Protein chains: 2
Amino acid sequence: MRDVAAAAGVSTMTVSNVLSGRRPVSEETRAAVLGAVERLGYQVNVAARSLRRGRTGVVGLAVPALDSPYFSQLAGRLVERLAREGLRVVVEQTGASREGEAAAVRDSRVNAYDGLVLSAVGLGAGDVRALAGDLPVVALGERQDLRRVDHVGMANVEGARAAAGLLLERGCRRLAVVGSPPWDRLDEPGDHGGDAFRLRALGAREAVRAVPAASARALAPGTLLEDGVRCGRELALAADPVDGVVALTDTLALGVLRGLADAGLRVPDDVLVVGFDDVREASASVPSLSTVSPGHDEMVEAVVRLLLRRMADPAAEPEEVFGPFVLLERESTRPAGRSLAPGR
Amino acid sequence: MRDVAAAAGVSTMTVSNVLSGRRPVSEETRAAVLGAVERLGYQVNVAARSLRRGRTGVVGLAVPALDSPYFSQLAGRLVERLAREGLRVVVEQTGASREGEAAAVRDSRVNAYDGLVLSAVGLGAGDVRALAGDLPVVALGERQDLRRVDHVGMANVEGARAAAGLLLERGCRRLAVVGSPPWDRLDEPGDHGGDAFRLRALGAREAVRAVPAASARALAPGTLLEDGVRCGRELALAADPVDGVVALTDTLALGVLRGLADAGLRVPDDVLVVGFDDVREASASVPSLSTVSPGHDEMVEAVVRLLLRRMADPAAEPEEVFGPFVLLERESTRPAGRSLAPGR
DNA sequence: CGAGGTCGGTTTATCGATACAACAGCCGGA
DNA sequence: TCCGGCTGTTGTATCGATAAACCGACCTCG
């Protein structure tokens, strides 16, 4: 910067002012500075700027795994949206573990990110607050037990109730809820209360209990596509067959579709299936997957708003935002015989 | 750091040495320092460290889009692998455009990343060299026209040849190559020579030409899942039917499966389909998708090796590495009637 | 016995940008 | 003529960590 200043015949401070726009500079000197910058190919050193300013312009995004459609699609949206605010995003993978998430929070502080978007599965609000200290954090994707951290959630209970409700309405009476913790442990808030699976399972259970003739079993095979496949196979081969499957994520649902197919069961002729998340792939599977679509865009907007707000005002009162949901019906729950227009 | 030094009764430099491990420190002072660090809750300021060291410990990863399975799965692998080298990864989305990629390279310099992994689709090696300057860059995923930049590629031509060969071997004679540029323009290196689609198309064409009775048409609908769906529908409704589809990416292939289903065509009974990339979803589609699996792990290892090498020695001779490939046969190309063990 | 090496530690001078206070002109009003 | 207020510009201290040189004290080896 000193070289540029010399070349333009001004002080370094003036160069700084031109480049950051913090203080007004006369048109002619400004032109001279920009000319010199161009000529010398100068670029500001972000490390030095960060050191002095105390901010980095980088926010962390911690997700359980990047290679899952829901999170990678979320990451894509968020990266793009935050770029418009002049913020870069670094992605951390937590492996869906408490330790991984704690490490991500620590990392964010060590690396002096300006903020962190944490898609927490293991950490509760208490932990987050304790670990984060003064780091702005927005929790994402599930209800936190305490109201002490900014949080963007989705309508887990309501969405899952609607999903299960759809199957019941379509005539299913013997359901499986894939991804659900044991049926009788849903009411305890769990380790840190409120993971998405528990809440969604709760919603599904509500719907089932509202129909006397209906029964359901809970299955928690894991969260991967392969887990869904395995689960679908087991369901198909089980002694007592099911006629409807509520999968608590689309990834599981897509796996279930595959698993059922392995065993020769047809969807929706023999079994109906509904998912949750509305990932891209759900619209293009065979059969296409009915699913609960949380308001992706609304949630991203809310995350950005809360994050910027807290970065601006660390003392702001924590806020919770819940996105809307829409139940999308596709082939996987159409009663046999009723066809549908292609593409939805 | 000064406070810690005071609390431990040593100099700041000793604290620095304890924390960075650059120079040996006696066991007792080390303990005293760590104690003070713990007690005061001290954390190093990375901005200051970066300023002084001239390195940031961050590398960029520029991909066309995060929400595509291939790239998000790649990103996941790379994030994880580079973490083991003590490097963080920030992800940029280029939108598959020349400008986006150029911006990513510029950004990497502005933000002083230590290196960049560039999954280039628009930029040629010449551009990369010019833009990158002294920034260590490893290009990924397609053959570069010139040998002037480190590059990890896959067996595009050979893999696609094998894929098309499989269909021909299975008796297909009227193929479609989805994602292929116009058949007669494959030999020109294009704008900057060697995008993956062109090379894969070349491979497919070679296989087709080797069988006199076989013919093929090229279709380039785009790269998204939806593009594949549309294409599948069009193929199904076309006046002259096809009996085999080579889709140049799995994402397109999965879309094609859906599009064909929309029109009532069955895979593999009416049409065989093969993809390329071996994304996770390919193993769990209905029918499961035969595909060309590039050596994912080998490629990631190669990227890491080349990147570290160049970061250590900017003057090293550029190197090219090509991964192996394996053709995985699944349901989508099994001749009708021949069933298969579940899971593959 | 002296040259040279190792060990654990300190001192000092940066890295590059920016906050802040100070200051030089200049204008309008008293 | 002088003064307060404005605009545009500059000097300088500072952000926090670390590379490099340096310092005793002790050891080794020819």
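Keep in mind that this is a model prediction, so the values were computed, not measured.

Confidence in the prediction of chain A, expressed as mean pLDDT, is 88, and 94% of residues score 70 or more. Note that pLDDT drops below 50 for residues 337–344 of chain A; the model gives that stretch 11 contacts with residues more than four away or on any other chain.

Here we come to the protein's contact with DNA strand D. Near DNA strand D lie 26 residues; those nearest to it are A:Thr14, A:Arg23, B:Arg22, B:Tyr42 and B:Arg49. Put simply, 66% of the atoms of DNA strand D that lie within 4 Å of the protein are in sugar or phosphate. The backbone of A:Ser11 places a nitrogen or oxygen atom 2.9 Å from a phosphate oxygen of DNA strand D. At 2.6 Å from a phosphate oxygen of DNA strand D is found a side-chain nitrogen or oxygen belonging to A:Thr14. Put simply, the parts of the chain that give the surface near DNA strand D at least two residues each are α2 (12–20) and α4 (46–53) of chain A together with α2 (12–20) and α4 (46–53) of chain B. For the surface near DNA strand D, the per-class residue count stands at 11 nonpolar, 8 polar and 7 charged.

What follows deals with the sheet that holds strand β9 (residues 272–276) of chain B. All names here are of chain B. With mixed pairing, the 6 strands of this open sheet are ordered in space as β7-β6-β8-β9-β10-β12. Strand pairing shows two members of the sheet lacking a second neighbour, β7 (215–219) and β12 (325–328), which therefore form its edges. This sheet shows a mean twist of 15° between the axes of neighbouring strands, independent of strand direction. The pairing of strand β6 (residues 174–178) with strand β8 (residues 244–247) spans 4 bridges and is parallel. In the strand pairing of β8, Val177 is matched with Val246.

Attention shifts here to the packing of aromatic side chains. Residues and elements named next belong to chain A. What the rule picks out here adds up to 2 aromatic pairs over all chains. Considering the side-chain rings of Tyr70 and Phe71, the 5.1 Å spacing of their centres and the 75° angle between planes classify their relative orientation as edge-to-face. Residue class for Tyr70 comes out buried when judged on its relative accessible area of 12%. Under the relative-accessibility criterion, Phe71 is labelled buried at 16%. Above the ring of Phe276, the side-chain terminus of Arg200 is found at 3.7 Å from the ring centroid.

Conventions we followed
- Residues numbered from 1 in each chain as written.
- Chains lettered and ligands numbered in written order.
- Predicted model: local features only at pLDDT ≥ 70, side-chain atom pairs only at ≥ 80, totals over all residues.
- Heavy atoms only, no water.
- pLDDT = per-residue confidence, 0-100.
- Contact = heavy atoms within 4.5 Å.
- Near = heavy atom within 4 Å.
- Polar contact = N/O pair within 3.5 Å; in protein donor to acceptor, adjacent residues only side chain to side chain.
- Helix = DSSP H or I, 4+ residues; strand = E, 2+ residues; numbered from the N terminus.
- Nonpolar A, V, L, I, M, F, W, Y, C, P; charged D, E, K, R; others polar.
- Pairing = 2+ DSSP bridges.
- Axes fitted to C-alpha atoms, helices over the stretch in contact; angles between N-to-C directions.
- Phe/Tyr/Trp six-rings, centres within 6.5 Å; stacked < 30°, edge-to-face > 60°.
- Buried < 20%, exposed > 50% of the residue type's maximum accessible area, 1.4 Å probe, protein only.
- Lys NZ or Arg CZ within 6 Å of the ring centre and 35° of its normal.

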